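Overview (structure and organization)
Here's the letter readout for the chains.
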Amino acid sequence: MNLTEPMPARGFNLSKDDLGSDILEIAMGPHHPSTHGVFRMDLKLDGETVVELKPIFGYLHRNHEKLAEDMTYPMSMPFTDRLDYLCGMTNNWAYALSCEQFLDIEVPERAEYIRVICAELTRLVNHCLLVGFFINDLGALGTPLLYALREREKILDLFENLSGARMMVNYMRFGGVRCDLPDGWLEECKRIVDIFPTFLDEYETLLVENEIVITRAQNVGVLTAEEATNFSITGPMLRASGVNYDIRKVDKYGIYDRFDFKVPIGAHGDCYDRFMVRMLEMRESIKILKQAIKDIPEGEIIAADAPNIYKPAIGETYGRIESPKGELGFYLVADGTTKPYRFKVRPPSFVNLTALRHMCIGHKVADAVIILGSIDIVLGEVDR
Amino acid sequence: MELNHEAILQHFPDIVWEEATKSLIVSPDQIVEVVTWLKEHKMFRLDYLSCVSGVDYMESELKTKARNAEGKMEVIITKIPDKMEVVYHFYSMEKKNGPLVIKQRVLTRENPVVTSLTPLYRGAELMEREVYDLYGIHFTGHPDLRRILMWDEFEHYPMRKDYVPPNDYDWEPTPHFDVIEKANERMTEKEGQPQS
């Protein structure tokens with residue numbers, strides 16, 4: 001290098017051809033902080049614009065379905081906690097529901113109420129985390145996320161009190177739940193539910209009309225209603241696109257027909273709507289929780305006819321519930337033994353990922369991060 | 001809400017209704033026609049494909065007890081041949097009903113081929129890739145049929161019933177003496193000489 005000559009001037013008056021620009025290939029992840037786990041996006045970039053995207057995953061794959069084929073039906077229950085490790089309760093419920101369909105087990109009234117309370121608390125936990133991480137992905141590092149985590153922590157303490165574990169709850173059983181509510185649990189739950197809206201008010205004041213959130217999230221990653229249906233999208237993401245489809249309302253599993261609640265619907269199907277639908281869903285969950293806590297009866301917590309050895313006849317079933325992320329289904333094939341012949345999980349975030357490529361192409365890299373954040377994936381469930 | 005399958009059977013006489021599993025068995029040649037019809041017909045409007053699963057049935061024997069002509073109990077053994085199935089669960093978001101279970105059945109376990117529904121339902125893309133990855137069922141018409149959960153170099157199909165998982169010691173013996181010892185034992189069994 002000749003140091004006597006001055007450096008050539010750079011950085012201005014340069015056209016694309018002078019730079020010799022080319023398509024840049026980037027493997028974003030698997031250890032990128034915004035991919036929510038070990039998830040990789042292989043991106044092709046023209047400047048900062050995404051022209052091609054390939055989602056690559058399977059780093060957490062342990063073949064949960066194969067493991068379940070070697071176990072009896074009840075033995076799989078703790079493993080379902082590890083699918084979507086943020087929402088153990090709803091995973092338990094989905095699996096219990098599918099197995100109850102086999103033998104037509106009637107769940108007692110009190111157990112149904114406990115299940116609803118747990119499931120709605122789980123929805124609060126999940127949506128708290130999601131909105132926190134979503135704002136985190138937008139660039140507001142730390143503070144809003146910790147506000148959300150603070151609220152989540154209270155509910156996790158409730159779960160710990162109830163089941164002995166904060167996340168890996170292993171709480172539901174075929175025909176009911178494992179143990180009754182401890183003394184004073186309902187009062188504590190009522191107190192937390194009553195003060196929860198103050199957090200939502202605070203959060204909405206800070207973020208909903210925030211100019212940066214609006215500029216970054218509106219009209220990003222738009223998914224129309226037809227596309228969302230065709231992509232098999234479920235859950236809040238589907239409703240943000242304007243499709244009124246909530247399995248709690250459609251199937252009315254459990255006792256959801258007894259509660260008065262609304263289903264928030266978005267109009268634009270962009271990231272902002274997905275964020276808002278979740279904020280509004282939390283308020284609806286609070287409504288359900290208040291009604292459930294008021295109405296919960298005394299009584300049995302597990303069905304009297306729940307079998308000790310679970311052995312369904314030859315056949316198959318598909319049970320599904322509205323988990324916080326979307327439709328969580330279990331497809332079970334029984335061959336007349338105590339072990340399932342086929343155990344298939346229909347994970348919501350895995351199927352919702354199908355639309356990622358479609359939503360990201362044409363947007364900037366920084367937008368791809370928030371689009372992924374708005375899908376709400378958990379890799380324990382995607383990879384299984 | 002159960003869907004009326006009689007209307008489908010009237011329109012497509014080749015389809016078989018299997019009462020035991022409450023599902024329609026559709027051949028891979030016909031499936032695109034049937035599903036398009038169901039998607040557009042105003043009575044069904046099956047616009048939402050919920051779940052795609054593969055199932056592997058090895059050759060098996062079904063034992064049932066029945067009374068014979070002399071009035072004695074007798075065990076009847078029925079042979080169930082090899083087959084592979086791809087099971088689709090359909091719902092309608094517009095009509096809010098379902099499910100309708102449609103199965104593509106292949107009576108072979110050697111290189112089974114079915115028709116992909118991804119051109120009709122984009123949501124099937126990753127789920128069909130998963131079935132291909134874990135069961136080795138090929139989908140004709142799928143735009144991007146690659147492995148998805150297992151790594152690309154993996155050779156077998158792990159969810160098949162005859163798949164034998166490798167022993168842990170075959171992979172990488174750690175510096176623990178008991179593990180190395182067991183690995184050596186296995187190598188001796190396999191090849192007659194211990195691993196270095």
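Residues numbered from 1 in each chain as written. Chains lettered and ligands numbered in written order. Predicted model: local features only at pLDDT ≥ 70, side-chain atom pairs only at ≥ 80, totals over all residues. Heavy atoms only, no water.

1. Some thoughts on the packing of aromatic side chains
Formally: Each Phe, Tyr or Trp ring, with Trp reduced to its six-membered ring, pairs with another whose centre is within 6.5 Å; inter-plane angles below 30 degrees give stacked pairs, above 60 give edge-to-face pairs, and intermediate values give tilted ones. By definition, being over a ring means that NZ of Lys or CZ of Arg is both within 6 Å of the ring centre and within 35 degrees of the ring normal.
On inspection of all chains with the given rule, the structure shows 29 aromatic pairs over all chains. By way of ring pairs, the aromatic residues Tyr 73, Tyr 95, Phe 102, Phe 174, Tyr 310, Phe 330 and Phe 343 of chain A are connected into one cluster. The positively charged end of Arg 248 of chain A is found above the aromatic ring belonging to Tyr 256 of chain A, 5.9 Å away from the centroid. The ring of Tyr 121 of chain B has Lys 39 of chain B lying over it, and the distance from NZ or CZ to the ring centre is 4.7 Å.

2. Some points on helix α2 (residues 31-40) of chain B
Residues and elements named next belong to chain B. The cut-off we apply is this: Buried, partly exposed and exposed residues are distinguished by accessible area as a fraction of the type maximum, computed with a 1.4 Å probe on protein chains only: under 20%, between the cut-offs, and over 50%, respectively. The secondary structure listing takes helices from DSSP runs of H or I that are at least 4 residues long and strands from runs of E that are at least 2 residues long, numbered from the N terminus. It is the directions from the helix axis to the C-beta atoms that the arc portrays. The contact criterion used throughout is that any non-hydrogen atoms of two residues lie within 4.5 Å.
Within the sequence span of α2, burial applies to Ile 31, Val 34, Val 35, Trp 37 and Leu 38. Across the axial projection of α2, the buried residues extend over an arc of 160°, all falling on one side. Next to the buried residues of α2 lie α1 (6-11), β2 (23-26), β6 (83-92), β7 (97-106) and β8 (113-115).

3. Thoughts on the sheet that holds strand β2 (residues 40-46) of chain A
In sheet architecture, strand pairing relies on hydrogen bonds along the backbone and comes in two forms, parallel and antiparallel. All names here are of chain A. Heads up, the rule is: Here, a strand pair is defined by DSSP locating no fewer than two bridges between the strands. Helix axes are fitted to C-alpha atoms over the stretch in contact, other axes to C-alpha atoms as well, and angles between N-to-C directions run from 0 to 180 degrees.
The antiparallel open sheet is built from three strands, whose spatial order is β1-β2-β3. The sheet is open, and its two edges are formed by β1 (24-28) and β3 (49-56), each paired on a single side. Mean inter-strand twist for the sheet, computed between neighbouring axes without regard to direction, equals 20°. Pairing between β2 and β3: seven bridges, direction antiparallel. In the strand pairing of β3, Lys 44 is matched with Glu 52. Contacting β1, β2 and β3, helix α15 (residues 365-375) crosses the sheet at an angle of about 150° to β2.

4. Overview of the interface of chain B and chain A
Selection criterion: Put simply, buried area is the surface a 1.4 Å probe can reach on two separate parts but cannot reach once they are joined, added for both. A pairing counts as a salt bridge when a side-chain nitrogen of Lys or Arg comes within 4 Å of a carboxyl oxygen of Asp or Glu. Amino acids outside the nonpolar list (Ala, Val, Leu, Ile, Met, Phe, Trp, Tyr, Cys, Pro) and the charged list (Asp, Glu, Lys, Arg) are all regarded as polar, and Gly is one of them.
Each partner contributes residues to the interface: chain B has 42 residues there, and chain A has 37 residues. A buried area of about 3400 Å², summed over both sides, lies between chain B and chain A, and 57% of it is on carbon and sulfur atoms. Linking chain B to chain A there are four salt bridges. Counting residues per element, the ones that place at least two in the side of chain B that touches chain A are β3 (48-57), β6, β7 and α3 (124-135) of chain B. Among the elements that line the side of chain B that touches chain A, the one with the most residues is β3 of chain B, at ten residues. Residues of the side of chain B that touches chain A, tallied by class, amount to 24 nonpolar, seven polar and eleven charged.

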